[in-house]
Every structure is written in C-alpha cells, then in structure tokens.
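# Reading the structure
Single-letter residue listing:
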Amino acid sequence: MPEGDSVWRAANQLHTALAGQKLLASDFRVPRFATLNLAGWTIEEVVPRGKHLLMRLAGPAHERLTIHSHLKMEGSWQVYPPGGRWRKPGFTARCVLRTAVADAVGFSLGLLEVIKTSEEDKAVGFLGPDLLGPDWDPAEAERRVAAKPDVPVGVALLDQSNLAGIGNIYRCEVCFLAGIHPASPVAAVRDWPAMFADAKQLLEANLGPGRRTTLLNARGTPVGRSAGRPGYWVYRREHQPCLRCRTPIRRAVLGKSVPGKTVPGKGVPGKSAVGNAAAGSPGSGAAVTEERDIYFCPTCQPLLGGPEA
C-alpha cells in the first residue's frame, strides 16, 4: 500500500497541473465508467484523504462530481505535457484526463470510481483522522485504537479506520522509535500521543523532493538522504546492525485477521515469526486475509504480551 506522503505528493502534483483547467477529453478504462464523458467539466481541486485521492470537478450545469482513486500496491498518477509519451505501458492506464496544459494518467489504479461530490463521505467517511489532513485529531485516533486493546500495535497502525496515512514503512519505523514490537498488543503502549507525533513528523518531513527517510536530526531535518547512509532505522534492514545498539535487525510476518475467513493449518497470524502476539490459539485455523513483513530490533523492541520472536 502507498504511504500517506506518497499520496499527498501525488495529489499536490495533480492539483498544481490541473486545478482550474477544463477537460478536453476523459477516458475511463474500467467497465463501469467506460461510457462516461467529462469533456467540458472543470477540475476544481485535487485533495488527498489518507491514502485516497479525490479529484473534484464542476460541470457545465453546476453539477459536482469526484473522481475517487486509490493506488493500492501498484498504482500511480503521472502528469505529462499535452500528447506527451507515457512512461508506463498503455494497457495499464485506467484513467486518462486531457486538458490544454497537461495530461494526467492513472496507471494500475487499485480503485477508480466517479461519485457525486456530495456523497464523498460514503467512500471515505470510514477513515480515521488524517495525519496529513486538516482533520487530524490525536485524541480521536487514540480513542479508536484503544477500543481494541488486544489487537497488535502493527495491525492497529495500518487500520485506516483508526488513523489515516500510515503504511508498512512508517508503522515499522514508528514502532522502533517508540521501542514497541509491532506484534505487542495495543494495551502495551503507554504513550500513543508520542507515537502519533513521531508518525506525523516523519510523514511531514518527507513531503518534499528526495528519497524517503526516517532518520531525522534534533531539528526534525532529514539526514538519511546522504550518500552511504541508511534511509531507515529498521525497514528492509534485515540482518543489518541496529543503528542504536548494533543488534541485527530481524524480519517477521504480522497478519491481519478477519472473522469468517480462515486459512487451514495456520496458527496465529504471523506465528511463525512473532509467536502468539495476535488473537487466536496456536494450532487452530486462523482467519488471515493480509500478512506483511515487519522489521524490528529484538533488543530495542522487546515483544510484550507473548514470547520473544
């Protein structure tokens, strides 16, 4: 899944290129909207909402529509000069918007729909407070997270209905900075406001150009972009020494469970790597719909509420 900073940058690029421009042509390459023609509509703004992109348009008769998209794993929006050659294969394009000053193409979008702007809440209303949005409310985010005290911290941070904008990279990095193993239960965290503040600082530090990094100095300025320096504390640094204690970083798997769906023969989600950190009983069928790698330092981030990984 994309990180919130990636979606913010995509929205900013699209807004800069398209806001105030009238569409000369639109091409939706998904069956549901294949016949929709928005030529003559004006793009008013493009805004991010967590990991979702909302492109708001005004019609000739003052109608309002929103192009709602989500990048999922492979998606991207790219902006080209009018008629410019695409950098991705044409068969992966899902939406093409042409104006007099720029073309915008959405490639491999995981979700694409056109809805009434007045009904946006039906599409994104489930999201929790947005770390990069004007609605950010750490108290509300903590209330939502704390409502499920037995859920692993790493699962809670990725749950966009708790708070919006954190992807797998930031959940690993934020857990490291807090000294919390991602598989520890929510109840083990004693300072959620501090974790949220770290997440917000990291996201905001990466809204500009340059490679993403979570290594910041005391002023909050990124320092992990220097040549030869790691970009992250733990993410994808398996077997490499911890930057604090030199213990080798470990990689494990943490699963998200959903009632009613099981995987025969599986124990607790992520059990092979993180033990009984998530709800369930060893040896039973586990309801697993999503498993992702986690990275952590076993010394700096001891697993609470379960055996050591």
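Residues numbered from 1 in each chain as written. Predicted model: local features only at pLDDT ≥ 70, side-chain atom pairs only at ≥ 80, totals over all residues. Heavy atoms only, no water.

What follows covers the nonpolar core. By size, the foremost hydrophobic cluster in this structure holds 29 residues, and its most contacted members are Leu 14, Phe 28, Leu 53, Met 55, Ile 67, Trp 77 and Leu 97. Where this core is concerned, the elements lending two or more residues are α1 (4-18), β2 (42-49), β3 (52-58), β4 (64-70), β5 (76-80), β6 (93-98) and β8 (111-116). Looking at which element gives the most residues to this core, the answer is α1, with 6 residues. Beyond its immediate stretch of four places on either side in the chain, Met 55 contacts Leu 14, Leu 18, Ile 43, Glu 45, Val 46, Leu 65, Thr 66, Ile 67, Trp 77 and Leu 97. Core analysis: the next-biggest nonpolar cluster, separate from the first, contains 26 residues, Trp 136, Leu 157, Ile 166 and Leu 207 among them. (Core = buried A, V, L, I, M, F, W, Y, C linked by side-chain atoms within 4.5 Å. Buried < 20%, exposed > 50% of the residue type's maximum accessible area, 1.4 Å probe, protein only. Helix = DSSP H or I, 4+ residues; strand = E, 2+ residues; numbered from the N terminus. Contact = heavy atoms within 4.5 Å.)

This part covers the side chain of Glu 3. Its location among the elements puts Glu 3 in the segment before α1. An unpaired buried charge is present at Glu 3: no salt bridge exists, and Arg 212, the closest side chain of opposite charge, is 5.5 Å distant. Only 2.7 Å separates the side chain of Glu 3 from the backbone nitrogen of Gly 167, close enough to count as a polar contact. Looking at Glu 3, its side chain comes within polar contact range of the main-chain nitrogen of Ile 169, at 2.8 Å. Residues in contact with Glu 3, not counting those within four places in the same chain, are Gly 165, Ile 166, Gly 167, Asn 168, Ile 169, Tyr 170 and Arg 212. (Lys, Arg positive; Asp, Glu negative; His and termini not counted. Salt bridge = Lys/Arg side-chain N within 4 Å of Asp/Glu carboxyl O. Polar contact = N/O pair within 3.5 Å; in protein donor to acceptor, adjacent residues only side chain to side chain.)

Across the 7 residues of β3, 6 count as buried, placing the element largely inside the fold. Across 7 bridges, β2 lies against β3 in antiparallel orientation. Bridging from a neighbouring strand, Glu 45 pairs with Arg 56 of β3. Counted along the chain from β2 to the antiparallel partner β3, the turn is 2 residues long, and its residue Gly 50 has a positive phi close to 60 degrees. (Pairing = 2+ DSSP bridges.)

With that settled, consider empty space enclosed by the protein. Tallied over the full model, the rule gives 1 cavity of 30 Å³ or more. Estimates place the volume of the largest cavity at around 30 Å³. Lining the largest cavity are Gly 4, Trp 8, Pro 48, Gly 50, Asp 130, Leu 132 and Gly 165. Tallied by class, residues from the lining of the largest cavity come to 3 nonpolar, 3 polar and 1 charged. (1 Å grid on protein atoms, 1.4 Å probe; cavity = no way out; pocket = protein on both sides within 12 Å on 5 of 7 lines; lining within 4 Å. Points joined across faces, edges and corners; volume = space filled by probe spheres on them. Nonpolar A, V, L, I, M, F, W, Y, C, P; charged D, E, K, R; others polar.)

What follows is about helix α6 (residues 192-205). Taking 1.5 Å of rise per residue, the 14 residues of α6 would be expected to cover 20 Å, and the 20 Å separating its terminal C-alpha atoms lies within 8% of that figure. Tucked inside the fold, the buried residues of α6 contact α1, α3 (138-146), α4 (153-158) and α5 (168-178). Capping of α6 at its N-terminal end is provided by Asp 191; its side-chain oxygen lies 3.1 Å from the backbone amide nitrogen of Ala 194. (Expected span 1.5 Å × (residues − 1).)

Let's shift gears to the packing of aromatic side chains. The final tally for this structure, using the stated rule, is 6 aromatic pairs. Here the aromatic rings of Trp 192 and Phe 196 are separated by 5.5 Å at their centres, their planes lie at 35 degrees, and the arrangement is tilted. Separated by 4 residues within a single helix, Trp 192 and Phe 196 lie in helix α6, roughly one turn from each other. Like Phe 196, Trp 192 is buried. (Phe/Tyr/Trp six-rings, centres within 6.5 Å; stacked < 30°, edge-to-face > 60°.)

For the rest of this paragraph, the subject is the sheet that holds β5. By way of backbone hydrogen bonds, the strands of a sheet pair with one another, either parallel or antiparallel. The strand order across the open sheet built from 4 strands is β1-β6-β7-β5, with neighbouring strands paired in antiparallel fashion. Each edge of the open sheet is held by one strand with a lone partner, namely β1 (25-28) and β5. This sheet shows a mean twist of 15 degrees between the axes of neighbouring strands, independent of strand direction. Where β6 and strand β7 (residues 103-107) come together, 5 bridges link them in antiparallel fashion. The residue bridging Cys 95 from the neighbouring strand is Gly 106, located in β7. (Axes fitted to C-alpha atoms, helices over the stretch in contact; angles between N-to-C directions.)

What follows covers the pattern of salt bridges. A complete count under the given rule lists 15 salt bridges for this structure. For the salt bridge of Asp 27 with Arg 29, the shortest nitrogen-to-oxygen distance reads 2.9 Å. Measuring nitrogen to oxygen at the nearest pair gives 3.4 Å for the salt bridge that ties Arg 251 to Asp 293. Of this pair, Arg 251 sits in strand β9 (residues 250-257) while Asp 293 sits in strand β10 (residues 288-296); the two residues are 42 residues apart in sequence, bridging distant segments of the chain. Within the structure, one salt-bridge network assembled from shared partners comprises Asp 5, Arg 9 and Arg 212.

As a further point, take the confidence of the model for the protein. Mean pLDDT over the protein: 89, with 87% of residues reaching 70 or higher. Within the model, pLDDT remains below 50 along residues 262-273, and this stretch shows 37 contacts once partners closer than five positions in the same chain are excluded. Note on residues 275-289: pLDDT is under 50 here. Beyond four places in sequence and across chains, it has 45 contacts. (pLDDT = per-residue confidence, 0-100.)

Secondary-structure assignment places Gly 40 in the loop between β1 and β2. Along the primary structure Gly 40 and Leu 24 are separated by 16 residues, whereas in three dimensions their C-alpha atoms are 6.3 Å apart. Not counting residues up to four positions away in its chain, the partners in contact with Gly 40 are Lys 22, Leu 23 and Pro 60.

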